[in-house]
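Structural overview
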Amino acid sequence: MNSDLIEMLKKAKLFAFDLDGTTIIDSKPLEGIKDLLNYLLESGKSVCFLTNNSSRTNVMHAERLSKIFNMNITENDMMSSLDSLELFLERKSIKRIYPFLNERVKKYLKEKFIFDDENPDVIAVGFNTDAVYSQLEKVSQLIFEGVPYLLVHPDLRCPTSFGYIPDAGSFGKLFELTTDKKPIWVGGKPNPIMVEGLAKKYNVDENEIVYVGDRLYTDIEMVKNSGIYGVLVLTGETTLEEFKNYKKSTGIKRVAVAQNAKELLKMVKE
């Protein structure tokens, strides 16, 4: 790793971490992550978690991580693609939505938006772990009737201990192939709106943020689209060869590579 990236790791004020495939798989922490988090906090760095996973609210994500890491993690330590969805809807003054989302997320959003099955302004398509076929039919019907849809985040698949399961991006592709209509907006990573939210929330400049993730088309693409630095960990779906090809095609320079959190901890300590 070059000296500029080493210096970046030392000077960063905020370390933000992806969840699935980067820090956890299912309900298990990945190797070295707890030691890395503790070291960063003891060194006076701010730590947060930034995820595209829209199957849980921030409160639920925090509760889950607290149990997995045996640490005190709160809602304030979380940001997710649902935050970007809320911000977009508020900026556009959109209140009436049809949520293609799971039940626990719908309960949360119902406090802020009006759910409309017949005449919504937009459809919100997310990581719906409660999806049934009748919902697929309903969304398709609404799109054919002219209702635009939003993709809460573009992730095609979510890693598990046995492999992968369909994520929001796969549902989006299903509706696109069914209706020949594309989403009018895609939230979550790599949308720069996520970085804007991070910098504002923690009162830091973008070049004082390091984002740690495992995917090229969401995590590292967000780094490329903004002024933050990145670390790609090879614990998810990206291989070193894929990153080398990506780096060659994009010319990106603000990204370091680590096998896992254990190796990243060594890099931070250099």
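Note: the structure precedes this text.
Residues numbered from 1 in each chain as written. Predicted model: local features only at pLDDT ≥ 70, side-chain atom pairs only at ≥ 80, totals over all residues. Heavy atoms only, no water.

**Side note on the nonpolar core**
With 32 residues, the main nonpolar core has F17, L36, F49, F69, V231 and L264 as its most contacted residues. Apart from residues no more than four positions distant in its own chain, L36 is found in contact with F17, A261, L264, L265 and V268. Counting residues in hydrophobic clusters, the runner-up holds 24 residues, among them L14, C48, I193 and L198. (Core = buried A, V, L, I, M, F, W, Y, C linked by side-chain atoms within 4.5 Å. Buried < 20%, exposed > 50% of the residue type's maximum accessible area, 1.4 Å probe, protein only. Contact = heavy atoms within 4.5 Å.)

**What about empty space enclosed by the protein?**
Taken as a whole and judged by the stated rule, the model has one cavity of 30 Å³ or more. Its volume calculated, the largest cavity comes out at about 100 Å³. Lining the largest cavity are 15 residues; nearest its centre among them are D18, D20, T51, D155 and R215. The set of elements that each furnish at least two residues to the lining of the largest cavity consists of β10 (157-160) and α9 (216-224). When residues of the lining of the largest cavity are assigned to their parent elements, the largest contribution, three residues, is made by β10. (1 Å grid on protein atoms, 1.4 Å probe; cavity = no way out; pocket = protein on both sides within 12 Å on 5 of 7 lines; lining within 4 Å. Points joined across faces, edges and corners; volume = space filled by probe spheres on them. Helix = DSSP H or I, 4+ residues; strand = E, 2+ residues; numbered from the N terminus.)

**Points about the packing of aromatic side chains**
In total, this model carries five aromatic pairs according to the counting rule given. Geometrically, the ring pair formed by F17 and F49 is tilted, given 6.3 Å between the ring centres and 40° between the ring planes. With F17 in strand β1 (residues 14-17) and F49 in strand β4 (residues 46-51), the pair connects residues that are 32 residues apart, well separated along the chain. Each of the two residues, F17 as well as F49, counts as buried. Taken together, a centroid distance of 5.0 Å and an interplanar angle of 75° make the contact between F100 and F171 edge-to-face. With a gap of 71 residues between them, F100 in strand β6 (residues 96-100) and F171 in helix α7 (residues 168-179) connect regions that are remote in the sequence. The ring of Y164 has R157 sitting right over it, with the charged end atom 3.7 Å from the ring centre. (Phe/Tyr/Trp six-rings, centres within 6.5 Å; stacked < 30°, edge-to-face > 60°. Lys NZ or Arg CZ within 6 Å of the ring centre and 35° of its normal.)

**Quick look at the sheet that holds β6**
If you walk across this open sheet you meet the five strands as β7-β6-β8-β9-β12, and the pairing is parallel. Whereas interior strands pair on both sides, the edge strands pair on one side only; in this sheet they are β7 (114-115) and β12 (185-186). Lying on the sheet, helix α6 (residues 133-144) is in contact with β6, β8 (122-125) and β9 (149-151); it crosses β6 at an angle near 140°. (Pairing = 2+ DSSP bridges. Axes fitted to C-alpha atoms, helices over the stretch in contact; angles between N-to-C directions.)

As far as function goes, none of this settles anything; it's purely spatial.
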